Amino acid sequence: MLRRHFFTLPAAFLLALRTQNGLYAEISTETPSHEIKNAETQNTTKMSPRRIVFLADTHIGPDVPKHAENLRILLQEVLALNPRPSHIFFLGDLVSTYGKSEEYIEFRDLMQPINASGIPWHIVIGNHDTRERMFEVMPEKKMEIASIPGKQVGIIKTECVDFVILDSRMDDTRAYMAEKEKYPNRRPWDGTMEAESITWLRKTLKDYPKPVFVLAHHPLNETKIGALLAEFPCVVGYLFGHNHQYLRMTVDGTDSFAFPTTSNRPLTPQEPRGFMVLDVQQTQYDFTLYTLEEEHSLKGRVESM
């Protein structure tokens, strides 16, 4: 789905941090199009402000060592990109069970090559994640809006396009599942979007001065904000994980894209496992699929928004 877009190229990147005013706070950092040195290969590679990487549903934990091996391989592929991305986003379900501290420690340790590269990375909360334990291990990754306490919500600003991070984890599923007899398709891992987040989102997107992607873990049929996002020309699309599949669809007028898992739990054996690379072009946004499978039919597929 094509939308009206506008491109701006300010001289600095801006990162969203904890807010004081209910919207978002920002700090400036130098535009990361500079040269950096790979700590492992000692090769000099450039980061591009027009390139972003997304990974979803890594499901790291001691009970699934293959998932750590997959992520290690894929992160080396990310570091081998030329140019390298200026940001990396993880679209939820970082860990395998429901947020044990040792799982987040393992995930953090797997990220050391990325930390050494200087590429900033950001976290979206999934239904397998536990915020308290995650941020005990990685407190520097916490984002919070004053009007939505306890939720991982904020904005990451880049040179060409911004990213709104939403928290779709349902904290108390008891009342929701109590009506399962009336709604038999309900599952305890479903997502939601609370009223406070919707209010903040509407206020944030109104007259927003740049194109934005909205990121969450759960699909639009669960967060139910597709019609809201379609009201705002600044919204390019909605990017999410959760489904462990590669699928683009339009929901309530909003272009949405499900990204594949990196784990060994794809929705079907035919689904790819891997990561997505966004390259911001002059008039469109190109998403390229990089797969673990050497000969997958979708490997290298490009979708444009």
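Overview of the structure. These numbers come from a predicted model, not from an experiment.

Cut-off values and rules
- The residue numbers shown here count from 1 along each chain, following its written sequence.
- Local features in this predicted model are restricted to residues whose pLDDT is 70 or higher, and side-chain atom pairs enter the listing and the counts only when it is 80 or higher, whereas totals over whole chains, interfaces and linings include all residues.
- Computation of side-chain values: all heavy atoms of the structure, hydrogens and water removed.
- Classification of residues uses two cut-offs on accessible area relative to the type maximum, computed with a 1.4 Å probe and protein chains only: under 20% is buried, over 50% is exposed, and between them is partly exposed.
- Put simply, DSSP H or I for four residues or longer makes a helix, DSSP E for two residues or longer makes a strand, and each gets a number counted from the N terminus.
- Two strands are counted as paired when DSSP detects at least two bridges linking them.
- Among buried residues, the Ala, Val, Leu, Ile, Met, Phe, Trp, Tyr and Cys ones that are joined through side-chain atoms within 4.5 Å form a nonpolar core.
- The contact definition used throughout considers only heavy atoms, calling two residues in contact when any of these lie within 4.5 Å.
- Under the pairing criterion, centres of Phe, Tyr and Trp rings, with the six-membered ring standing for Trp, must be within 6.5 Å; the plane angle then separates stacked pairs below 30 degrees from edge-to-face pairs above 60, leaving the rest tilted.
- Look at NZ for Lys and CZ for Arg. If either is within 6 Å of the ring centre and within 35 degrees of the ring normal, a charge sits over the ring.

When a strand is regular, its side chains alternate between the sheet's two faces. By the alternation rule, side chains of strand β7 (residues 154-157) split into G154 and I156 and I155 and K157, which are all buried. Sheet topology places β7 next to strand β8 (residues 162-165); four bridges connect them, and they run antiparallel. What sits directly across from I155, in β8, is V164. Between β7 and the antiparallel strand that follows it, β8, lie four residues.

A word on the nonpolar core. Within the largest apolar cluster, 31 residues are counted, with the highest numbers of intra-cluster contacts made by L55, I88, F90, L94, F107, W121 and M138. Looking at this core, the elements with two or more residues in it are β4 (44-55), α1 (65-80), β5 (84-90), α2 (101-110), β6 (121-123), α4 (131-137) and β13 (274-280). It is α1 that contributes the most residues to this core, six residues altogether. Beyond its immediate stretch of four places on either side in the chain, F107 contacts T58, I60, L71, F90, L94, W121 and M138.

This model, assessed by the stated rule, comprises 17 aromatic pairs. Geometrically, the ring pair formed by F54 and F259 is tilted, given 5.5 Å between the ring centres and 55 degrees between the ring planes. Of this pair, F54 sits in strand β4 while F259 sits in the loop between β12 (254-258) and β13, placing them 205 residues apart in sequence. Across the pair, exposure class does not vary: F54 and F259 are buried alike. Three or more aromatic residues joined by ring pairs form one cluster here, namely F54, F89, F163, F213, Y246, F257, F259, Y285 and F287. One cation-aromatic arrangement involves K141 over W121; the distance from NZ or CZ to the ring centre is 3.9 Å.

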